[in-house]
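# A closer look at the structure
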Amino acid sequence: MNAAELRYRTLASAVAVVCAGLVGIPAHAQQEQLEEVVVTGSSIRRQADFAQPVQIIDNTEIQLQQSNSLAEMFKVMPQVVGGIATINTQEGGGNSPTSTINLRGLGNRSTLVLLNGRRQTIDGSGTGVDVNNMAPSIMIERIEMLLDGASAIYGSDAVAGVVNYITRDNFEGSEVRLDMQQIEASEEGGDFSFGFITGSQSDDSGVVAGIEFKKTSLILAEDLWDRERLANTLISSFANPGSFVPGEVGSPVAGRFPDPLCEDPRLAGPSGLRAGVINGDACGQVNSLGRTMQPDSEQWNGLALMRHDFGNGITANGELGFAQTDFEIPFGFVTPLLTPLPVVPADNPGVIAQHEMDPSFVVQPYRWWGRFLSPANQRIGALHRTGQNTYRVSLAMTGPIGEDWEWSAATWMSRSRTFFINKDVVSERFLNAINGYGGQDCPYRPETDPTGEFKGATEIGCFWFNPFANSALASPGDPNYNDPAMLDFVVGNRRNDGDAELRAAEIKFVGELWEMAGGATGIAIGLQRREQDFSQRWDELVRQGFDPVTGTGYRFNQPAIPDFSGTRNADSLFAELVMYPAESLEVQLAARREKFDRASSTDPKIGFIWNATDSFALRGTYGTSFRMPTEIQLFGRSPGGASTIPIGGEGINARGLTEGNENLEPETSENWTVGLTWDVNDNLSLSLDYWDVYFENLVTAESAQGLIETDMADGFLDNPQIVLFDDAPNPAEVCEVTGRWDPNSGEPAPDDCVTGVDIATVITSFINQDFRETAGVDFTLNYDFFGLGSDWNLRLTGVYTDKYEISTDGLVAEENVGGNTFAELRSNLALTWRRGDHFARATLRYISELGEGANSAPNEINEREPFTTLDIVGGTTLGPVNLSASVINVFGEEDPNRFGTLLPVASNIYDWRQRVLRVGFDVAF
């Protein structure tokens, strides 16, 4: 039996069981009009006594969570798996200021994020919708999460589910909230947030406005962990202190040796690692040094809501919002990445100073294997900046059509402008500096000073760059000291500006059709138009790339990356029915046809809720969903991956360029769920939901290494996606494949054989080929009781993931439950106490150990152990003032170590912060 047959048989069995139970449903007429509510996942008001498959987090629960951000609150939810870090680290969120939600581990763009039922634009980096800047947290009334596919209702992207922010539209008065926190393991300054909301309501109008400011302080990896853990990360042979090969380019190789001061305790710094570590014949650098765990950031967020009743049932609602973020992110210590290796001339002050320290050190030229900036004399290396400005506006109107129908029309727009200022070595400036002509004001270059008279002439602004570690022991004024202004000039800016704008309009009609035994049939039909513009613009250096002949441009082998822009338009027709064939049965039928410029999808959904008794209900859904390829996947251009495999005895140092593919097809999924809710008694309730998502035709980036290996299989490199330098051998023969050269012979490859350094650029794109299937059980156990004069609540929530199969690069699917990304069990057990105006909560959070799949590759190995933490929060109300204090991770448990990666954490799985102390208060007036 294949996988598809198994899924259909399992679904058929579940439906058969339910249908068998439905045979005896009594068709009693309703005795009274039931309350109706609007829930996420439907356009129709639903009867409130049916247990809808929506998880609701109200304002009270948000406060009890005591989260410093909405992203942090989502992160501890068991259904959120492998998402971008709560506070972006280089390991978790890169240099993007955006935090996203990744339900079920299906990708952050597989969860649709809404504000008051309307989708919002992605950010200018193409990452996704930022969950932190949707609205000030003080303005959130509740958050509704639909945990199954919903493309039949909302269209593209609702594969794993929907998260809908609902705001406090009817708020009256004013409220101020202040929260402060300190990550105890760090000596850096604490973080804080300030929020304010005010509102006024009358019979026919209302306005609510709020604003929020948040600030976080910089924390580096070495602020948190000791030498042992930091040293478990990647160690690069491109280091500073670095390594040297005697002689000019082309001279006989006498072997590589580490900088004489490698591991010198005078340079070790507080981590004990800043002087580097001996790594074979090289001085290696621990890559966790200078890396961000938490950026220095400032975030503003504001939203205004307006309501007016024109009479005759016609109402209008408007929204106007903005968000602004600014992040400063130390990004480690940049690498020149020059080939051939840059030559340090014999008269470089570093060579002379090293000879004076050790007369046996020969004064001669050296080829340098290293990084430009050094942790030996800097805490922070290349300081990157990133931020975004987001704006939102919407207008919606509703009105009646007769007694049983209403119309609604809405238009909205949101725009996000994102900038990235990354730091890297400008190769031309670096080559000048290593020869004594560094600095913005130096009027000479090697070619304009043939006698070398003005090398290092500081009086006219010409400085040396000294690549030896002895520069870290030098003082200003010493010839071998590296002037900070010269370093700043050599490390240039690489800027990218992204712009994303969503414009949408929708008209919808909702009404009632025929009466059934359980009530009137509700219907909704509508049309929607969406236009998503996306563009990215690079600075001039990046657009030009690097010229290997003149040595000018950005850095070695950085291909020219042109600007790009494009538009995705979508037209949708949708319809939904909610029927009540019996007093105890609700059936939902929905379908949506969504047409894009390049593709289209029709997605149905069927769902039911059966209140078998007053205390027991069954529910289930089946449907299909889809996700359009992202803007970057369709028409973008961005830096891509390459390969380090050796060819002709030389490693490949080529840079990668990834280009979009406008012929990509949508990713599609089948989703089904079946569950129950059981009120065991007045105090105890249980909820279980089994879910299964089969997600196929996934878009994946081509592997640069795979392209090279496939192309060289016949002994020649002739794929146009592998761009060679003009002076590369033609034909580009891979002699170790054709048999003309034996890599183990000890002899260099013949001059007419291609080598790794002949490859300039590897151009990759995107293809449809992979699939994922995941399945598991969501569970909730809730127990309310009274004791010791107080109200108590015990609540257990969690997810048991039974299956997570994935194919990568078209390879056979592998089981990943319990592997590097997925823990089999994630759960939260919370005990809440209330007495009058006082409350307290203790929450035990559990993540089961990662399994054998964690050993799938050296750079994916994690410690395999469960991670259990305890959070406590308490508070009281004194008149209009609410006070609270909390401790996150009370016992300071250290998250499992991640080995052989950029940082020693898996921040998409665990909270790395250890113990966090918080206080807060809010006052209403």
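Residues numbered from 1 in each chain as written. Predicted model: local features only at pLDDT ≥ 70, side-chain atom pairs only at ≥ 80, totals over all residues. Heavy atoms only, no water.

### What to know about the nonpolar core
The test is simple: Only buried residues count toward a nonpolar core. Its members are Ala, Val, Leu, Ile, Met, Phe, Trp, Tyr and Cys residues joined through side-chain atoms within 4.5 Å. For every residue, the accessible area (1.4 Å probe, protein chains only) is compared with the maximum for its type, and the residue is labelled buried under 20%, exposed over 50%, or partly exposed between those bounds. Strands here mean DSSP runs of E at least two residues long; helices mean DSSP runs of H or I at least four residues long; both are numbered from the N terminus. Here, residues are in contact when the closest pair of their heavy atoms is within 4.5 Å.
Met73, Phe74, Leu103, Ile143, Met145, Val163 and Tyr165 are the most contacted members of the largest nonpolar core, which totals 45 residues. Among the secondary structure elements, those contributing two or more residues to this core are helix H3 (70–75), strand S4 (111–115), strand S6 (140–146), strand S7 (161–167), strand S18 (296–311), helix H10 (631–635) and strand S37 (684–701). The contacts of Leu103, once residues within four sequence positions are left out, are Gln79, Val80, Thr111, Met145, Leu147, Ala160, Gly161, Val162 and Val163. Leu273, Met293, Ala382 and Val490 belong to the second-largest nonpolar core, a separate cluster that totals 37 residues.

### Here we look at the state of the cysteines
Throughout this description, disulfide means a covalent bond between two cysteine sulfur atoms. Put simply, the rule is: What counts as a disulfide here is a pair of cysteine sulfur atoms lying within 2.5 Å.
The final tally for this structure, using the stated rule, is three disulfides. Each sulfur in the disulfide pair Cys262 and Cys283 lies 2.2 Å from the other. A torsion of 85 degrees about the S-S bond marks the disulfide between Cys262 and Cys283 as right-handed. Of this pair, Cys262 sits in the loop between strand S14 (257–258) and strand S15 (277–279) while Cys283 is found in strand S16 (residues 282–286), placing the two residues 21 residues apart along the sequence.

### Structural notes on the sheet that holds strand S20 (residues 343–344)
For the record, the criterion: Following DSSP output, two strands are said to pair if at least two bridges run between them.
Spatially, the four strands line up as an open sheet ordered S14-S13-S21-S20, and their pairing is antiparallel. Single-partner strands in this sheet number two, and they are S14 and S20. Taken together, the two bridges between strand S13 (residues 243–246) and S14 define a ladder with antiparallel strand orientation. Bridging from a neighbouring strand, Ser243 pairs with Pro258 of S14.

### Description of the sheet that holds strand S35 (residues 655–659)
Here is the rule we go by: All axes here are fitted lines through C-alpha atoms, helices being fitted over the stretch that makes contact, and every angle between N-to-C directions spans 0 to 180 degrees.
Read from one edge of the open sheet, four strands run S32-S35-S39-S38, paired in mixed fashion. At either margin of the open sheet sits one strand with a lone partner, and together these are strand S32 (637–640) and strand S38 (722–724). Between one strand axis and the next, the sheet turns by 25 degrees as a mean value, whatever way the strands run. Of the strand pairs in this sheet, S35 and strand S39 (residues 759–764) are connected by four bridges, and their pairing is parallel. Counted as the bridge partner of Thr658 is Thr764 from S39. Contacting S38 and S39, helix H11 (residues 704–711) crosses the sheet at an angle of about 110 degrees to S39.

### Overview of empty space enclosed by the protein
Rule in force here: The rule is simple: put a 1 Å grid over the protein atoms alone, call a set of points where a 1.4 Å probe fits but cannot get out a cavity, call an open set with protein on both sides within 12 Å along at least five of seven lines a pocket, and count a residue as lining if it has an atom within 4 Å of a point. Grid points are joined across faces, edges and corners, and a volume is the space filled by probe spheres set on the points. In this classification, Asp, Glu, Lys and Arg are treated as charged, Ala, Val, Leu, Ile, Met, Phe, Trp, Tyr, Cys and Pro as nonpolar, and every other residue, Gly included, as polar.
For the coordinates displayed, the defined rule picks out 14 cavities of 30 Å³ or more. The space that makes up the largest cavity amounts to roughly 330 Å³. In this structure, the largest cavity is lined by 24 residues; those nearest its centre are Val76, Arg845, Thr869, Asp871 and Asp911. Of all the secondary structure elements, the ones that give two or more residues to the lining of the largest cavity are H3, strand S43 (825–835), strand S44 (838–847) and strand S45 (867–878). Residues belonging to the lining of the largest cavity are distributed by class as follows: eight nonpolar, eight polar and eight charged.

### Re H11
Operational definition: Here, the arc refers to the directions that run from the helix axis to the C-beta atoms.
Looking only at H11, the buried set comprises Ala704, Leu707, Ile708 and Asp711. For H11, the arc enclosing every buried residue in end-on projection is 95 degrees, short of the 170-degree limit, so these residues lie on one face. Looking at the buried residues of H11, the elements they touch are strand S33 (646–647), S38 and S39.

### Description of helix H6 (residues 349–357)
Selection criterion: Polar contact criterion, stated in full: a pair of N or O atoms within 3.5 Å, where within protein one must be able to donate a hydrogen and the other to accept it, and residues adjacent in sequence count only if both atoms are side-chain atoms.
Looking only at H6, the buried set comprises Pro349, Gly350, Val351, Ala353 and Gln354. For H6, the secondary structure elements touched by its buried residues are S20 and strand S21 (366–369). Where H6 begins, one side-chain oxygen reaches toward the backbone nitrogen of Gly350, 2.9 Å away; that side chain belongs to Asn348.

### Regarding the packing of aromatic side chains
Filter applied, for reference: By convention, a stacked pair of Phe, Tyr or Trp rings (six-membered ring in the case of Trp) has centres within 6.5 Å and planes under 30 degrees apart, an edge-to-face pair has planes over 60 apart, and any other such pair is tilted. Here, a charge over a ring means that NZ of Lys or CZ of Arg falls within 6 Å of the ring centre while also lying within 35 degrees of the ring normal.
Tallied over the entire structure, the rule returns 26 aromatic pairs. Each ring, one from Phe244 and one from Tyr366, has its centre 6.2 Å from the other, and the planes form 80 degrees; the classification is edge-to-face. In this pair, Phe244 is assigned in strand S13 and Tyr366 in strand S21, connecting sequence segments 122 residues apart. Summarising the burial analysis for this pair, Phe244 and Tyr366 share the class buried. Pairing Phe257 with Phe361 gives two aromatic rings, centres 6.2 Å apart and planes at 75 degrees, and the pair type is edge-to-face. Here Phe257, found in strand S14, pairs with Phe361, found in the loop between H6 and S21; they are 104 residues apart in sequence, far enough to count as distant. Judged by relative accessible area, which is 24%, Phe257 ranks as partly exposed. Judged by relative accessible area, which is 8%, Phe361 ranks as buried. Members of the aromatic cluster, connected to one another through ring pairs, are Phe244, Phe257, Phe361, Tyr366 and Phe468. A cation over an aromatic ring shows up here: Arg256 above the ring of Trp369, its NZ or CZ 4.5 Å from the ring centre.

### As for a negative patch on the surface
Selection rule: Patch definition: residues above 30% relative accessible area lacking any salt bridge, with like charges linked at up to 9 Å and the nonpolar side chains Val, Leu, Ile, Met, Phe, Trp and Tyr linked at up to 5 Å. Calculation of accessible area relied on Shrake-Rupley with a 1.4 Å probe; when residues are assessed, cover is drawn exclusively from the protein chains displayed. Whenever a carboxyl oxygen of Asp or Glu lies within 4 Å of a side-chain nitrogen of Lys or Arg, that contact is scored as a salt bridge. Under the counting rule used here, the positive set is Lys and Arg, the negative set is Asp and Glu, and His together with the chain ends is not counted. Every charge is mapped onto a representative atom, which is NZ of Lys, CZ of Arg, CG of Asp or CD of Glu.
Judged by side-chain charge, Glu403, Asp404, Glu512 and Glu515 come together as a negatively charged surface patch. Within the element layout of this structure, Glu403 appears in the loop between strand S22 (383–401) and strand S23 (405–425). Relative accessible area serves as the criterion here: at 81%, Glu403 is assigned to the exposed category.

### Section: a nonpolar patch on the surface
A surface patch of nonpolar side chains, amounting to about 370 Å² of accessible area, comprises Tyr783, Leu794, Leu829, Leu831 and Leu844. Position of Leu831 relative to the elements: it lies in strand S43.

### What to know about the pattern of salt bridges
Scanning all chains against the criterion turns up 43 salt bridges. Glu61 is the salt-bridge partner of Arg841, the closest N and O atoms lying 2.9 Å from each other. Pair noted here: Arg841 is in strand S44 and Glu61 is in helix H2 (residues 59–65), with a separation of 780 residues, a long-range link. Classification of Glu61 by relative accessible area gives partly exposed; the value is 22%. In this structure, Arg598 engages Glu662 in a salt bridge whose closest nitrogen and oxygen atoms are separated by 3.9 Å. One end of the pair, Arg598, is in the loop between strand S29 (585–596) and strand S30 (600–611); the other, Glu662, is in the loop between S35 and strand S36 (667–679), and 64 residues separate them in sequence. Overall, Arg598 belongs to the partly exposed group, its relative accessible area being 33%.

### Here we look at the environment of Lys595
With respect to the element layout, Lys595 can be found in strand S29. With a relative accessible area of 48%, Lys595 lands in the partly exposed category. Separated by 24 residues in the primary sequence, Lys595 and Asp571 have C-alpha atoms spaced 5.3 Å apart. Excluding its chain neighbours within four sequence positions, the residues that come into contact with Lys595 are Asn569, Ala570, Asp571 and Ser600.

Keep in mind these numbers describe shape, not what the thing actually does.
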